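Here's the letter readout for the chains.
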There are 2 protein chains.
Amino acid sequence: MKFYSKKDVKSLKRYGAKELLNFCTQVLVKLGVEEEKAHLLADTLVQANLRGVDSHGVTRMGIYVERIRRGLVDPHAEPEIIKDTPAVALMDAKSSIGQVASYRAMQLAIKKAKEIGTGLVGVRGSNHFGAAAYYTMCALKEDLIGIALSNAPATMAPWGARSPYIGTNPISVAIPSNRRLPIVFDMATSIVARGKIILAAQKGESIPEGWAIDTEGRITTDAKKALEGAVLPFGGAKGSAIAILIDIFAGILTGAAFGPHIGDLYRNLKERQNLGHVFAAIDPRAFGDIEEFKNRVDQMIDEIKGLPPAYGVEEVLLPGEIEFRTEEVRKREGIPLEPEVEEMLKALGKEFDVPWIEPLFG
Amino acid sequence: MKFYSKKDVKSLKRYGAKELLNFCTQVLVKLGVEEEKAHLLADTLVQANLRGVDSHGVTRMGIYVERIRRGLVDPHAEPEIIKDTPAVALMDAKSSIGQVASYRAMQLAIKKAKEIGTGLVGVRGSNHFGAAAYYTMCALKEDLIGIALSNAPATMAPWGARSPYIGTNPISVAIPSNRRLPIVFDMATSIVARGKIILAAQKGESIPEGWAIDTEGRITTDAKKALEGAVLPFGGAKGSAIAILIDIFAGILTGAAFGPHIGDLYRNLKERQNLGHVFAAIDPRAFGDIEEFKNRVDQMIDEIKGLPPAYGVEEVLLPGEIEFRTEEVRKREGIPLEPEVEEMLKALGKEFDVPWIEPLFG
């Protein structure tokens, strides 16, 4: 995967979300995935692209197809609930498509939250689930708070260590609002996407101090040495602890793999990943009036956006605000695809006899 | 409050935990607090000192006594459960002692978790609750995972803003283990304790870039300008978002005050704080065998501690490890008290006719 600067992006061809969704769905159906599952998986990818999270968009089609083809992801497996209380459940994803297990687990958490105030659903035996915000935003439709966590293959050194042990374990939280856009927080626990270090190495540029360590565990500004070493967690020791805790919830509590025992998405094409996730929903109605809750969220957003911006900052932004703006633009102007992603998708189309689509622009 | 460097601490008098606990309890009883509540409040303070978290130890006795005396904290108020499902509850603390409401809320979360797998209890109308780890560690006694969040008076600027809006909103998570020490994570969401900036200003030293901004919203290394400006959240935009989310849970969801509407502990001696907290407990038994869970936690700890340390680091440490070591030392060698804290306690003893205690050492 190559990484493009913002300037490069303007020259890219842009495709319609609907067309991309149909294309990806058809490829997956031809591969043997049931229509409903294919559509869901494709939708998570295209939604990520629409929101500007291209790292979790259709660029993943190649590896997903490859893992299904190798039998590492079983599209026909049906996730099973193996433990259940009115508030908590544990799902064995049985190495089904990560998005299918995750979507169902989130729906179960939502159902429980509506019945009893909160729902907590762990998933083991799963695969890469895409962008976490897809699931937490499902809770918004019901005016619930949504939470999603996942572990990930080891690429980060815990604080004080020199070699990778924890993944860039993501966490997303979505908060319903009224007049205002909802708050949709979705972050990796690394200080920076590994892709930015790859880009710097390609360009021969140095990286800021604090992003990564070399193989000796020394802070390095040399992008190449950083790639041989380990990415650092965000927020120093505190962020490192948060990444570890996410793995304890998503990996250890659920009975999935954890730490370096998780199969790598790209580099391990022989074993199942056995990822773990946790999904939770909380119903503000269990605490009081839902309109009052949403109005108070609006009030906080109004107040934070009304604060004087810091030096050099144009506007104070809430979590998710940039993604909502990108979505608005891309719904209108299409999703820009890097040539490599385009080529990969075209090749899939050729292989599975699905006609490639025309760009909206470019 | 003055701040001491580690070197200074060696010259301090050290007191026995039991003696300090008895002294503080007696002062509170003489003030009119019921024995059980007085003992609980004093215990949270002395436990914090034992664990080396002196900022949340007996140094707080002065302000707690002052707020009770002014009627801002009502020691006789009984926290009331105003909403209740088998999994979720909301407590109105009625401005009772923050520690009393918090301890009861955590016990209720534990009870629910044991019955149904998880318990989530929000608290509104509360006061400063001390160190969050006190409550999450209650869950450890039952082999449950404990979680505690609180909001706090506004001292931090949200990412991109120049003036304070959010508090240093703490979060604690405690994870039970088997052979190994449990993982006890307890952090403020600020990049650094404000006290460290006060210390630098006192000494005329500069502070590292990234700790704080001045009143114009510029990153400053001038400790005095930092104190006039705002402390920054840990972990940049990500940490800022986490601090905001904690306030949404602890403040907005519970119906407590939030953001700058929270009464300041020290600077506002006319109004109640109306703080909010959230306590949660999760029973690993709802997901599988408890021994297996704890053994997997041990395995992760073994593996992380077995990683090669980063350059200049002697030992890879897990969250809470330093505090357990400090506790071991201080149980044996006593709790060092700064002269100002000693004087404040002596004065309270004199006022309430409680004899001051002898140091173990020094």
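Residues numbered from 1 in each chain as written. Chains lettered and ligands numbered in written order. Predicted model: local features only at pLDDT ≥ 70, side-chain atom pairs only at ≥ 80, totals over all residues.

**A few points about the overall build of chain A**
Here is step 1 of the chain: Across its full length, chain A carries 12 helices and 12 strands.
Here is step 2 of the chain: By the compact-globule yardstick of 21 Å for 362 residues, chain A fits well, its C-alpha radius of gyration being 20 Å.
Here is step 3 of the chain: Across its three principal axes, chain A shows a C-alpha extent of roughly 55 × 50 × 45 Å.
Here is step 4 of the chain: A burial count over chain A gives 56% of its 362 residues as buried. (Helix = DSSP H or I, 4+ residues; strand = E, 2+ residues; numbered from the N terminus. Rg over C-alpha atoms; globule rule 2.2 N^0.38 Å. Buried ≥ 20, exposed ≤ 12 C-beta atoms within 10 Å, placed from the backbone.)

**Some thoughts on the pairing of strand β2 (residues 80-84) of chain A**
Residues and elements named next belong to chain A.
Here is step 1 of the chain: As paired strands, β2 and strand β3 (residues 88-92) are joined by four bridges and run antiparallel to one another. Among the inter-strand pairings, I81 is bridged to a residue of β3, identified as M91.
Here is step 2 of the chain: With antiparallel pairing between neighbouring strands as the criterion, β2 and β3 make up a hairpin whose turn holds three residues. (Pairing = 2+ DSSP bridges.)

**Observations concerning helix α2 (residues 17-31) of chain A**
Residues and elements named next belong to chain A.
Here is step 1 of the chain: Relative to the 21 Å expected for 15 residues at 1.5 Å per residue, α2 spans 21 Å between its end C-alpha atoms, a close match to the ideal helical length.
Here is step 2 of the chain: Buried within α2 we find L20, F23, C24, T25, Q26, V27 and L28.
Here is step 3 of the chain: Just downstream of α2, G32 is the residue with a positive phi angle, here 115°. (Expected span 1.5 Å × (residues − 1).)

**Describing the interface of chain B and chain A**
Here is step 1 of the chain: Taken together, the contact between chain B and chain A spans 59 residues of the former and 59 residues of the latter.
Here is step 2 of the chain: Put simply, the parts of the chain that give the side of chain B that touches chain A at least two residues each are β3 (88-92), β4 (118-126), β6 (171-175), β7 (183-187), α9 (236-253) and α10 (290-305) of chain B.
Here is step 3 of the chain: It is α9(B) that contributes the most residues to the side of chain B that touches chain A, seven residues altogether.
Here is step 4 of the chain: Looking at the side of chain B that touches chain A, its residues break down into 39 nonpolar, 13 polar and seven charged. (Contact = placed C-beta atoms within 7 Å. Nonpolar A, V, L, I, M, F, W, Y, C, P; charged D, E, K, R; others polar.)

**Digging into the relation of the copies chain B and chain A**
Here is step 1 of the chain: The two copies are related by a screw operation: chain B maps onto chain A through 180° of rotation and 0.0 Å of translation along the axis, at an RMSD of 0.0 Å. The transformation relating the two chain copies, once decomposed into turn and shift, fits a two-fold axis. No C-alpha of chain B approaches the rotation axis more nearly than that of B:G235, which lies at 1.8 Å.
Here is step 2 of the chain: Take the interface residues of chain B: 100% of them recur as interface residues in chain A, which is what a same-surface contact looks like. (Least-squares fit on C-alpha atoms with pLDDT ≥ 70 in both.)

**Looking at the environment of A:P208**
Here is step 1 of the chain: Here A:P208 is to be found in the loop between α7 (194-203) and β8 (212-213).
Here is step 2 of the chain: Given 11 C-beta atoms within a 10 Å radius, A:P208 is considered exposed.

**Describing the sheet that holds strand β10 (residues 230-231) of chain A**
Residue and element names in this part refer to chain A.
Here is step 1 of the chain: The strand order across the open sheet built from three strands is β9-β8-β10, with neighbouring strands paired in antiparallel fashion. Pairing within the sheet leaves two strands with one partner each, and these edge strands are β9 (219-220) and β10.
Here is step 2 of the chain: When β8 meets β10, the two strands line up antiparallel, connected through two bridges. From the neighbouring strand, I213 faces β10, where its bridge partner is A230.

**Focus on the environment of B:R60**
Here is step 1 of the chain: Here B:R60 shows up in the loop between α3 (35-50) and α4 (61-69).
Here is step 2 of the chain: Separated by 70 residues in sequence, B:R60 and B:G130 have C-alpha atoms that sit 8.5 Å apart.

**Looking at the sheet that holds strand β10 (residues 230-231) of chain B**
Here is step 1 of the chain: Strands sit in the order β9-β8-β10 (chain B) across an open sheet of three strands; the sheet is antiparallel. In this open sheet, the two edge strands, each paired with only one partner strand, are β9 (219-220) and β10 of chain B.

**Digging into the domain arrangement of chain A**
Residue and element names in this part refer to chain A.
Here is step 1 of the chain: Splitting chain A by domain gives domain 1 (1-69 + 334-362), domain 2 (77-191 + 232-299) and domain 3 (193-229).
Here is step 2 of the chain: Distance from the C-alpha centre of domain 1 to the C-alpha centre of domain 2: 24 Å.
Here is step 3 of the chain: Listed per partner, the contact involves 10 residues of domain 1 and nine residues of domain 2.
Here is step 4 of the chain: Here the side of domain 1 that touches domain 2 takes seven residues from helix α3 (residues 35-50), the largest share from any one element.
Here is step 5 of the chain: Taken together, the residues of the side of domain 1 that touches domain 2 break down into six nonpolar, three polar and one charged. (Domains from an automatic or database assignment.)

**With respect to the pairing of strand β6 (residues 171-175) of chain A**
Residue and element names in this part refer to chain A.
Here is step 1 of the chain: Burial analysis of β6 places five of its five residues in the buried class, which makes it a mostly covered element.
Here is step 2 of the chain: Residues of β6 alternate between two faces, with I171, V173 and I175 on one and S172 and A174 on the opposite face, all of them buried.
Here is step 3 of the chain: Relative to β6, strand β5 (residues 145-150) runs antiparallel, the two being bridged by four bridges. The partner of I147 across the bridge, within β6, is V173.
Here is step 4 of the chain: Summarising the sheet, β6 and strand β7 (residues 183-187) pair through five bridges and their orientation is antiparallel. Bridge pairing in β7 places V173 opposite F185.

**Some details on the environment of B:L28**
All names here are of chain B.
Here is step 1 of the chain: By the secondary structure assignment, L28 is in helix α2 (residues 17-31).
Here is step 2 of the chain: Considering only alpha carbons, one finds L28 and A133, 105 residues apart in sequence, at a separation of 22 Å.
Here is step 3 of the chain: In this structure, L28 is in contact with V33, A38, L41 and A42, ignoring residues within four places of it in sequence.

**What about helix α5 (residues 98-116) of chain B?**
All names here are of chain B.
Here is step 1 of the chain: In this model α5 runs 27 Å from its N-terminal to its C-terminal C-alpha over 19 residues, within 8% of the 27 Å that 1.5 Å per residue would give.
Here is step 2 of the chain: Counting buried positions along α5 gives 14 out of 19 residues, so the element sits mostly inside the fold.
Here is step 3 of the chain: Looking one or two residues beyond α5, the residue adopting positive phi is G117, at roughly 105°.

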